[in-house]
Amino acid sequence: MRLSQYFMPILRDDPKEAEIVSHRLMLRAGMIRQEAAGSYSWLPTGFRVLKKIEQIVREEQDRAGAIEVLMPTLQSADLWRKSGRYDDYGKEMLRIKDRQDRDMLFGPTNEEMITDIFRSGVQSYKDVPRNLYHIQWKFRDEVRPRFGVMRGREFLMKDAYSFDLTAEAGQHSYNKMFVAYLRTFARLGLKAVPMRADTGPIGGDSSHEFLILAETGESGVYFDKDFHDMDWSAFDIDYDDVAAVEKVVKTFTSKYSATDEKHDAVEFDMRVPKQKQLSGRGIEVGHIFFFGDKYSKPLGCEVQGADGKKVTLQSGSYGIGVSRLVGGIIEASHDKDGIIWPEAVSPFDVGLINIKAGDAEADAASDKIYNALKAKGVDVLYDDRNQPGGAKFAAMDLIGLPWQIIIGPRGLKEGIAEVKNRKTGARENVALDHIIGRFTKV
RNA sequence: CGGAGUGUAGCGCAGUCUGGUAGCGCACCUGCUUCGGGAGCAGGGGGUCGGAGGUUCGAAUCCUCUCACUCCGACCA
């Protein structure tokens, strides 16, 4: 993409309403535009990142055996009356009437609807287990939206729902999602520590939140230093191997970790040596929950068992805040000059800076590299604008692409371009002939 | 929902106290010169002063109402 033909309204100054770094950088890099409190348009660059995150989340859900569907954003109130949540949910749920004066709502979540969908599609115990998910916009009329896309009212969420015959089988479904989340966040370049969450009336070890460590997080977190030394790589695992999946979950739940809501100072001291006790702030990016028959019972989600008797299904739900992750990743990865995208979610693979646009030689060399990279399928953002070099460097650092190729008269004289790593700042001179190979290896 | 605050050009702000016909920086447009870390000179364009009502000869400025947004707290992917 030639920057001269793109739409990326970069701001030089910080917009005053943006207090936290991710919000500030997203606005400055022209990724989003606010439309109302907690409601944002996604501009081209931001949209690219959102799509990349969404795709990684999707791939890992699929890999774990979940099946993608798509449910509407507007729901009828009827199902919510059946589950009893129409009255319980409170003002956070945006309620609307249609022209027939029917009660509708903008879905804040989809337990009721998916349970009803599943109920109407299965009859036999042979039809379970299943896990259905969708990636869809949600609306929660937050009392206080803030921090840009971190706490928006409208946000993109992946929510999955598992259905099993027994609680034991349900636990395996839960564990699979647990591992899928570890894989997903690892691929996004994040360490998202699983922490015990409130299990409500159901009890048991059946709810975890995944939190990215970041100073601007909304939750206080306490955890064992050992988490830092764990194997966070994307586990290559057979999801059907119940014991293997459980083992990974056990490994990550054996160490102490809790948000301030669940933190128990006495237990912390008992289980974690003083020198290994860490605390800080975290951003919740995922939440998994096993809730048994909480929804399947009132909604009549049951199948016929092998013995001919009806069995009410056991369910769990599993959320990832996709749009929140965009902000979360920035919170976890930036410096004074701007964003530092992990390669997996960067809006472009590489930035190409023509320092002296308008100079015939520099233009020719830059165009050639741009076209060659494009032909190889490398996603390049080519700054071909007629601007002073400094402005281009600043803009490219702000946008935060992992790699920059810098073409200028000085290097051209020697037949080289400069390749800069955004994260480390390391620069190396690469012969013009080798540039293409340098970025098409992997 | 309680508390605090802000709305003036795309962004950041001054002007409001003390009413007199809207200004600065950046950005933008034109030309020339520049060009390896946010260039220089010259010229130029752009604003219902959040909205409505009122006071006044005259309102960005005073009064009333209203809307929107931000921040702090209780709640949440």
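Described in the following lines is the structure provided in the data block. (Residues numbered from 1 in each chain as written. Chains lettered and ligands numbered in written order. Predicted model: local features only at pLDDT ≥ 70, side-chain atom pairs only at ≥ 80, totals over all residues. Heavy atoms only, no water.)

Some remarks on the overall build of chain A
- If you tally the helices and strands in chain A, you get 13 helices and 23 strands.
- For 442 residues, the compact-globule estimate of 2.2 N^0.38 gives 22 Å, and chain A sits close to it at 25 Å.
- Expressed as lengths along the three principal axes of its C-alpha atoms, the size of chain A is roughly 80 × 60 × 40 Å.
- Taken over 442 residues, chain A has a buried fraction of 52%.
- Across chain A, every contact between residues at least 6 apart in sequence was considered, and the portion connecting residues at least 24 apart equals 70%.
- Put simply, chain A shows about 20,300 Å² of open surface, and 48% of that area lies on carbon and sulfur atoms.
- Of the charged side chains in chain A, 63 are positive and 67 negative; the average position of the first set lies 2 Å away from that of the second. (Helix = DSSP H or I, 4+ residues; strand = E, 2+ residues; numbered from the N terminus. Rg over C-alpha atoms; globule rule 2.2 N^0.38 Å. Buried < 20%, exposed > 50% of the residue type's maximum accessible area, 1.4 Å probe, protein only. Contact = heavy atoms within 4.5 Å. Areas by Shrake-Rupley, 256 points an atom, 1.4 Å probe, with all protein chains shown as cover. Lys, Arg positive; Asp, Glu negative; His and termini not counted. Charge placed at Lys NZ, Arg CZ, Asp CG, Glu CD.)

Here we look at the sheet that holds strand 5 (residues 94-97)
- Read across the open sheet, the 3 strands follow the order 4-6-5; overall the sheet is antiparallel. One side of each edge strand has no neighbouring strand; the edge strands of this open sheet are strand 4 (74-76) and strand 5. Across the sheet, the mean angle separating the axes of adjacent strands is 35° when strand polarity is ignored.
- Here 3 bridges tie strand 4 to strand 6 (residues 103-106), and the two strands are oriented antiparallel to one another. Residue Ser 76 lies in a different strand from strand 6, and its bridge partner there is Met 104. (Pairing = 2+ DSSP bridges. Axes fitted to C-alpha atoms, helices over the stretch in contact; angles between N-to-C directions.)

Quick notes on the pairing of strand 11 (residues 219-224)
- Across the 6 residues that make up strand 11, a large majority, 5, are buried.
- In this sheet, strand 13 (residues 277-292) lies alongside strand 11 in antiparallel orientation, the contact comprising 6 bridges. Along strand 13, the bridge assignment pairs Asp 224 with Gln 277.

Points about the pattern of salt bridges
- Taken as a whole and judged by the stated rule, the model has 39 salt bridges.
- The salt bridge involving Asp 269 is made with Lys 274; its shortest N-O contact spans 3.2 Å.
- For Asp 397, the salt bridge is made with Arg 422, and the minimal N-O distance between the two is 4.0 Å. Taken together, the residues span a long stretch of sequence, with Asp 397 in helix 11 (residues 389-399) and Arg 422 in the loop between strand 22 (416-421) and strand 23 (427-431) at a distance of 25 residues.
- Among the residues examined, Arg 422 registers a relative accessible area of 3% and is labelled buried. (Salt bridge = Lys/Arg side-chain N within 4 Å of Asp/Glu carboxyl O.)

Side note on the nonpolar core
- Ile 53 and Phe 185 are the most contacted members of the largest nonpolar core, which totals 68 residues.
- Here this core takes 8 residues from helix 6 (residues 167-187), the largest share from any one element.
- Among the nonpolar cores identified, the runner-up in size contains 23 residues, and Met 71, Tyr 89, Ile 114 and Phe 289 belong to it. (Core = buried A, V, L, I, M, F, W, Y, C linked by side-chain atoms within 4.5 Å.)

A closer look at the environment of Ala 197
- Locating Ala 197 in the fold gives a position in the loop between strand 9 (192-196) and strand 10 (207-213).
- Between the C-alpha atoms of Ala 197 and Lys 262, which are 65 residues apart in sequence, the distance is 6.7 Å.
- Excluding anything up to four places from it in sequence, Ala 197 contacts Ser 207, His 208, Glu 209, Lys 262 and His 287.

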